Amino acid sequence: MSHPAGQESRVHAVLDDLSIELPSWGFADTGTRFGKFVQPGAAIDFNDKLADAAEVHRLTGCCPRIALHVLWDLQSEQSAEDVKSNTRQHGLQIGSMNPNLFQDQEYRFGSLCHADAAVGQRAMQHCIESIQLGQQLGSKVVTLWLADGTNYPGQDSIRRRKRQLSDCLRQLHEHLAADQTFLIEYKPFEPAFYHTDIADWGMSMSLARTMGSQAKVLVDTGHHYQSQNIEQIVAWLLDEGMLGGFHFNDRRYADDDLTLGAIDPYQIFRIFCEILSYAHDAGQTPRIEYMVDQSHNLKPKIEAMIQTVLTAQELAAKAALVDFHFLTERQSAHDLVECERHLKQAFFTDVTDLLAGWRTKKGITADPLTTYRESGHAEQIAAERTQRRRELGIVAGGTYA
Ligand code: LRH
Ligand code: MN
């Protein structure tokens, strides 16, 4: 299929810039509160997570970093040097560090927002250790999501928690290395169901502003109310210089963590359009951390991750087809129909050949998902890990209660 002049180079330039960080936890067995469905090929330990992320990077050529969840991936006996060399051996780099302030019993009523100073202190200590571990591991990003909130009106003072949280974040900023960025993730609800201390983009941006110059906002696409216009939030954060990154996933109802584009691919296309429109007007591509945050309860995990990365590339490539000079001209003419038609035309354009061309140029397979499905890799790791689980006496699965 021939494409108008300039489109191929625009698409390839956008794909060259689109480096996607994979979540270590996307390769391990996960579940819902109603149970955990185990997969024979699921990662058993950190080394498996590295091997699986490396397989996705080998096939897609655009996932050089793996995000770590500090308590899920880093055991105390592992030295930072071990983790670093192990990661390098798999041809990967350490991406963002994710402190975990949501699974310990004492965080029942919050962590950094907890009224009990001792609990708050322990939470601060974990954040400081995560920041320092990141420095030892060469990680440039710390992403903080807090489950903190309340379940009932009157349960606690929202303003006290806000002020305490802001103080904590200001202190944490002092511990950052000059090249570290701190991303504050917001979420409107779950696990708290009355108020969440960092519930939306405005609260996150306000906290990031008072925290310090190295703090920005993390947009998890699954953390919005149904009718919220996410691309408008992205446009605002770009214009404020406060967009730090994304946790990509999709949802039908709440924080469903489904594979990207499974429900609303046009949503992600519109987000990429806001980013490319900003880049067009600013004459430069903003530094954005593109990260995946999904849990693959039913789909084979590596296939789901490859599918996710390919979907992000496809939707970014479609957004690159938009001629923002033409669009701006039509917008100033209030030519609503042509503006919408131009976006829809790009969205419905088949970019398979442009993507294949970019992959061939990079020396990787033109069709990573089919190549993986026909490689026998899934069957091979399922057999090997089933055997290893048996040897380790790991009885997989588990009920909620
Ligand atoms: C919270 C969240 C957060 C991660 C977790 C795995 O819902 O999006 O980013 O720590 O999922
Ligand atoms: Mn997230």
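Here, the structure is the one placed above.
Residues numbered from 1 in each chain as written. Chains lettered and ligands numbered in written order. Predicted model: local features only at pLDDT ≥ 70, side-chain atom pairs only at ≥ 80, totals over all residues. Heavy atoms only, no water.

### Considering the overall build of the protein chain
- A tally of regular secondary structure across the protein chain gives 15 helices and 12 strands.
- For the protein chain, the C-alpha radius of gyration of 22 Å lies close to 21 Å, the compact-globule estimate for 401 residues.
- For the C-alpha atoms alone, the extent of the protein chain along its principal axes is close to 65 × 55 × 40 Å.
- Out of the 401 residues belonging to the protein chain, those deemed buried represent 53%. (Helix = DSSP H or I, 4+ residues; strand = E, 2+ residues; numbered from the N terminus. Rg over C-alpha atoms; globule rule 2.2 N^0.38 Å. Buried < 20%, exposed > 50% of the residue type's maximum accessible area, 1.4 Å probe, protein only.)

### Considerations on the pattern of salt bridges
- Under the counting rule described, the total for this entry stands at 27 salt bridges.
- Members of the salt-bridge network, linked through shared partners, are Asp45, Asp48, Asp52, Glu384, Arg385 and Arg388. (Salt bridge = Lys/Arg side-chain N within 4 Å of Asp/Glu carboxyl O.)

### Structural notes on empty space enclosed by the protein
- Under the defined criterion, the tally for this structure stands at two cavities of 30 Å³ or more.
- In this structure, the largest cavity occupies an estimated 50 Å³ of space.
- What lines the largest cavity is Lys187, Pro188, Phe189, Gly222, His223, His224, Arg251, Tyr253, Ala254 and Asp255.
- Its residues placed into classes, the lining of the largest cavity shows four nonpolar, three polar and three charged.
- Empty space within the second largest cavity amounts to approximately 30 Å³.
- Considering only residue class, the lining of the second largest cavity consists of six nonpolar, three polar and one charged. (1 Å grid on protein atoms, 1.4 Å probe; cavity = no way out; pocket = protein on both sides within 12 Å on 5 of 7 lines; lining within 4 Å. Points joined across faces, edges and corners; volume = space filled by probe spheres on them. Nonpolar A, V, L, I, M, F, W, Y, C, P; charged D, E, K, R; others polar.)

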